[in-house]
Amino acid sequence: DVSSPKHGKVDPDNVPHVGGNMWAGGTGGRDTAGLGGKGGPYRLDAGHRVYQVSQAEKDAVPEEVKRAAREMGEKAFKRRLKEIQMSEYDASTYERFSGAVRRQVQSLRIILDNLQ
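For clarity, every value in this text was computed on a predicted model and none was experimentally measured.

**Re the overall build of the chain**
Piece 1. What the chain contains, in helices and strands, is three helices and two strands.
Piece 2. When its helices and strands are written in sequence order, the chain yields β-β-α-α-α.
Piece 3. Counting across all 116 residues of the chain, residues that qualify as buried make up 25%.
Piece 4. Contacts in the chain between residues at least 24 apart in sequence constitute 35% of all its contacts with a sequence separation of at least 6.
Piece 5. Approximately 8500 Å² of the chain is accessible, and the part contributed by carbon and sulfur atoms is 53%.

**Structural notes on the packing of aromatic side chains**
Piece 1. Taken as a whole and judged by the stated rule, the model has zero aromatic pairs.
Piece 2. It is R96 that lies over the ring of F97; its NZ or CZ is 5.0 Å from the centre.

**Some details on the domain arrangement of the chain**
The accessible area lost on association of the parts is a frequent measure of interface size.
Piece 1. By domain assignment, the chain separates into domain 1 (1-85) and domain 2 (87-115).
Piece 2. Distance from the C-alpha centre of domain 1 to the C-alpha centre of domain 2: 24 Å.

**Concerning the pattern of salt bridges**
Piece 1. Tallying each qualifying case throughout the model produces six salt bridges.
Piece 2. Taking the shortest distance from any N to any O, the salt bridge between K78 and E74 comes out at 3.9 Å. Highlighted residues: K78 and E74, both in helix α2 (residues 63-83), separated by four residues, approximately one helical turn.
Piece 3. On the basis of relative accessible area, K78 is assigned to the partly exposed category, the value being 42%.

**Quick look at the environment of A46**
Piece 1. Looking at the secondary structure, you find A46 in the loop between β2 (34-35) and α1 (55-59).
Piece 2. A relative accessible area of 24% places A46 in the partly exposed class.
Piece 3. Through-space distance from the C-alpha of A46 to that of T93 is 27 Å; in sequence the pair is 47 residues apart.
Piece 4. Contact partners of A46, with chain neighbours within four places excluded, come to N14 and G25.

**Comments concerning a nonpolar patch on the surface**
Piece 1. On the surface, a cluster of nonpolar side chains totalling about 420 Å² of accessible area is made up of L108, I111, L112 and L115.
Piece 2. Within the fold, L112 resides in helix α3 (residues 88-115).

**Thoughts on unusual backbone geometry**
Piece 1. Unusually for a residue other than glycine, N14 sits at a positive phi of about 50 degrees.
Piece 2. Within the chain, Q85 stands out as a residue other than glycine whose phi angle is a positive 55 degrees.
Piece 3. Topologically, Q85 is positioned in the loop between α2 and α3.

**What to know about α2**
Piece 1. Look at α2: 30 Å from first C-alpha to last across 21 residues, which is about the 30 Å you get at 1.5 Å a residue.
Piece 2. Every buried residue of α2 is listed here: V65, A69, G73, A76 and L81. One side of α2 carries all its buried residues, which in axial view fall inside an arc of 145 degrees. What points out from α2, more than 90 degrees from its buried face, is the exposed set E64, K75, R79 and K82.
Piece 3. Of the surrounding secondary structure, the elements contacted by the buried residues of α2 are α3.

Definitions and cut-offs
Position numbers for residues count from 1 along each chain, tracking the sequence in the order it is written. Per-residue local features are limited, in this predicted model, to residues with pLDDT of at least 70; the limit for side-chain atom pairs, both in listing and counting, is 80 or more; totals at the level of whole chains, interfaces and linings are taken over all residues. For side-chain calculations, the full set of non-hydrogen atoms in the structure is used, while hydrogens and water are omitted. Only DSSP runs of H or I with at least four residues qualify as helices, and only runs of E with at least two residues qualify as strands; both kinds are numbered from the N terminus onward. Between buried and exposed lies partly exposed: a residue is buried under 20% and exposed over 50% of the maximum accessible area for its type, with that area taken using a 1.4 Å probe on protein chains only. Only heavy atoms enter the contact rule, under which two residues are in contact if any of them lie within 4.5 Å. Only the protein chains shown count as cover for residues, with accessible areas throughout obtained via the Shrake-Rupley method and a probe of 1.4 Å. Pairing of aromatic rings covers Phe, Tyr and the six-membered ring of Trp, with a centre-to-centre limit of 6.5 Å; geometry is then stacked below 30 degrees between planes, edge-to-face above 60, and tilted otherwise. Whether a charge lies above a ring is judged from NZ of Lys or CZ of Arg, which has to be within 6 Å of the ring centre and within 35 degrees of the ring normal. Residue ranges for the domains originate in an automatic or database domain assignment. Salt bridges, as used here, are contacts in which a Lys or Arg side-chain nitrogen is within 4 Å of a carboxyl oxygen on Asp or Glu. Patch membership is restricted to residues that have no salt bridge and whose relative accessible area is over 30%. Joining uses 9 Å for like charges and 5 Å for the nonpolar side chains Val, Leu, Ile, Met, Phe, Trp and Tyr. By this rule the span expected of a helix is its residue count minus one, scaled by 1.5 Å. Taken from the helix axis, the directions to the C-beta atoms give the arc we talk about.

Printed below as a string of structure tokens:
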């Protein structure tokens, strides 16, 4: 069961973590920031293979936990914007322009990686 969203512990060795309720950047778990899980406050990619919980499990997360996760994610987003001295307007403008060229940038990165 999910209880309350949190960032989770950071593994200094960046070992892949699947399931559980402890590690930031894990996959398929609950309550912590990561990918493929349920009830976490925001997505956090530690670069590992993603294990996805079912949509039914995600739908079963209580509304108060979803609300707390959204609030925590929004606070983290605003804190990050402040750290990089960016307003919400700046972020939406950046996302609009960045989104328009995202595929081309990804293709260019692949080409450059292959050339190296």
